[in-house]
Amino acid sequence: MPTVSAHVALTLAQHIDHVFGVMGNGNAYFLDAIETQTDATFTAVRHEQGSVVAADAHFRASGRIAAATTTYGAGFTNTITSLAEAVQAHVPLVLVVGDEPTSGPRPWDVDQIALASAVGARTYTTGRADAAATTVIAIEHALTYRVPVVLAIPYDVAALEAGPVPEAPAPRIPAPLAPRGEFAGGMLDEIAAALAGAERPFLLAGRGAWLAGASEALGALADATGALTASSALGRGVFPDNRYDLGVTGGFGADGAMELVRQADVAVVFGASLNQFTMRFGELFAPGTRVFQIDVAPTATHPHVGGFVRADARVAAEALVERLRNSGESAPEAGDVPSADTAAVRISGVVAEAWRETVDIAAARAYPEGEALAPDGRLDPRSAARRIAELLPEDRVVVSDGGHFIGWANMYWPVAAPDRMMMVGTAFQSIGQGWPSVVGATRARPETTVVLTSGDGGGLMAIPDLESAVRAAGGHGMAVIWNDAAYGAEVNLYGLKGLAEGPMLIPQVDFAAFGEAVGAEGVVVRTLDDLERLASWASEDPASRRFLVLDLRISGKVIAPYQQEIIRVNS
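Residues numbered from 1 in each chain as written. Predicted model: local features only at pLDDT ≥ 70, side-chain atom pairs only at ≥ 80, totals over all residues. Heavy atoms only, no water.

(A) Region of interest: the overall build of the chain. A tally of helices and strands in the chain yields 22 helices and 20 strands. On C-alpha atoms alone, the chain measures out to a radius of gyration of 25 Å, which is about the 25 Å that the 2.2 N^0.38 rule sets for 571 residues. If one aligns the C-alpha atoms of the chain with their principal axes, the spans along those axes are about 75 × 60 × 50 Å. For the chain, the residues scored as buried account for 57% of the 571 residues in total. Pairs at least 24 residues apart make up 76% of the contacts formed inside the chain by residues separated by at least 6 positions. For the chain, the exposed surface amounts to about 21900 Å²; the carbon and sulfur share of it is 52%. Of the charged side chains in the chain, 40 are positive and 65 negative, and the gap between their average positions amounts to 2 Å. (Helix = DSSP H or I, 4+ residues; strand = E, 2+ residues; numbered from the N terminus. Rg over C-alpha atoms; globule rule 2.2 N^0.38 Å. Buried < 20%, exposed > 50% of the residue type's maximum accessible area, 1.4 Å probe, protein only. Contact = heavy atoms within 4.5 Å. Areas by Shrake-Rupley, 256 points an atom, 1.4 Å probe, with all protein chains shown as cover. Lys, Arg positive; Asp, Glu negative; His and termini not counted. Charge placed at Lys NZ, Arg CZ, Asp CG, Glu CD.)

(B) Representation of the packing of helix H1 (residues 4-12) against helix H7 (residues 131-145) within the structure. Two elements in contact, H1 and H7, have axes separated by 8 Å at closest approach and are oriented at 40°. Viewed along their axes, H1 and H7 adopt a mutual orientation that is oblique. Here the hand of the crossing between H1 and H7 comes out right-handed. Every residue of H7 that contacts H1 at Val4, His7, Val8, Thr11 and Leu12 is listed here: Ala131, Ala132, Thr135, Val136 and Ile139. Looking at the contact of H1 with H7 residue by residue, the classes come out as 7 nonpolar, 3 polar and no charged. (Axes fitted to C-alpha atoms, helices over the stretch in contact; angles between N-to-C directions. Parallel < 35°, antiparallel > 145°, perpendicular 65-115°, else oblique. Left-handed = near helix turned anticlockwise from the far one by under 90°. Nonpolar A, V, L, I, M, F, W, Y, C, P; charged D, E, K, R; others polar.)

(C) Structural view of the environment of Val315. Positionally, Val315 belongs in helix H12 (residues 313-327). Distance in space between the C-alpha atoms of Val315 and Phe202 is 19 Å, their sequence separation being 113 residues. Residue contacts for Val315: discarding those within four places in its chain leaves Pro176, Leu177, Ala178 and Pro179.

(D) Local environment of the pattern of salt bridges. Per the counting criterion, the structure on display carries 25 salt bridges. Glu85 is paired through a salt bridge with Arg60; the nearest N and O atoms lie 2.9 Å apart. Separated by 25 residues along the polypeptide, Glu85 in helix H5 (residues 80-88) and Arg60 in helix H3 (residues 48-62) bring together distant segments of the chain. The buried category is assigned to Arg60, whose relative accessible area is 8%. One salt bridge in this structure joins Asp419 and Arg445, with 3.2 Å as the shortest N-O distance. Taken together, the residues span a long stretch of sequence, with Asp419 in the loop between helix H15 (406-412) and strand S16 (421-423) and Arg445 in the loop between helix H16 (434-444) and strand S17 (449-455) at a distance of 26 residues. Classification of Arg445 as buried rests on a relative accessible area of 13%. (Salt bridge = Lys/Arg side-chain N within 4 Å of Asp/Glu carboxyl O.)

(E) Spatial organisation of the sheet that holds strand S1 (residues 18-21). One open sheet accounts for 6 strands, arranged S2-S1-S3-S4-S6-S5; its pairing is parallel. Two strands lie at the open edges of the sheet, namely strand S2 (41-44) and strand S5 (122-125), each paired on one side alone. On average, adjacent strands in this sheet sit at an angle of 25° to one another, irrespective of strand direction. Pairing of strand S4 (residues 93-99) with strand S6 (residues 148-154) involves 7 bridges; the strand directions are parallel. Paired with Val97 across the strands is Ala152, a residue of S6. Contacting strand S3 (67-70), S4 and S6, H1 runs over the sheet at an angle of about 155° to S6. (Pairing = 2+ DSSP bridges.)

As far as function goes, none of this settles anything; it's purely spatial.
In structure tokens, the structure reads:
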């Protein structure tokens, strides 16, 4: 007869096709059922933190919920940082764990429910009679509230026979949040009127807009208003037409692009939290800009917002397009007067040239090229990033660890859509999430090349899952390690203040050798010419090439612009 663990596994596998984890006493029966009784794919990682990170990255790359699993006690406590990251990044996943027996805790047990609650994750505990139903409830909670949940199986319940697996209802997914009430409708009217009357309209979208499926509607709204567009770091590529897109806002943005944003007279923000980095610490918009926000958050998320509508980004964008069309103040129909694509919009009945057609977008988006080598003789990360961008496969997914280096990929490596650039760890300001991110991303997008960008600090912190990344991705994966022999962010923030730099430094580590040790190809990159191996690697068949580790010996003296902003604010 099926066990309680089999009830969980069989029910979970109806809704989740990938499980990531480390086997132990507490989840042995669950993993046996996953392997022998379901079609779900289990991928082992080498550290429990990596199980949650991989499930997190899988969702960000695919939009499909995944599961993580660990044992109880030390196995569970190892997941806390990655669980906190998933909570703060609003990533739904299910963490299946063993737990203390129903008879009470043993010396090695901890209060797992309290620990999960402390970082914002809800725990559901299975019993002998309700395992299938509890599993569905956990999945529904994760999807409804966009958070990770913990599904606990007590140790003395896991192997109990539970009878035939009952049919459980499918998880209920809430409908997109529509604007409600006269105030919301009136505010949408006001936003539509502001956009129609704007001389320099600007649209900003974040990851929330992508999750809402708002790309097409936002593209239509940009065309209807002649607006320039841009995204938050996690929303990069959300607008379908990049001809008028300024790229990423905030510290990752190009100086020319950010100057254009400050010229906007009306700005509408969709599905972006407007955190301090996106807002350039309050200086993204000029004082006279009218800023509106549309988000599923209960209230506006920044004091510069002058008008707020709580709604799904797609629903609201479609409503704004409809209002503009009905008012006759949007781009004229083809055959009437020139369309938005030929640089005309109708404002108060007058055809005027769209702002976006009067500016040099390409020049505004340009970043500094950098030098071949920095004054200290090590690689200039800007020139290395620019050259890598020229050589990377076009069909790529970029996963990023946290650290000073995050500016380089975000500035120089464009991606096609938000699900192709993921920064796992930044919501919780953590490092060491990079290697297992490759595992989740490559299982979600096996046909693409998954590119990890990581620093030496974070790379060492998660080094057990270098093996997992190489094993999972094979020739479809590669890593760029920005190796400055230091915790670069700390050197920039505190070394410059005169604090002792000894604790901020890392002995020079050979990541190329680390990669070779677990079956990857490792290349130490000291000059731009050393990157030619990436050019030949990219042309090889992924089925026959090895995972590639590029160990970039970069200068720590070149400070990323976003970090310069942080230094300025904290000085």
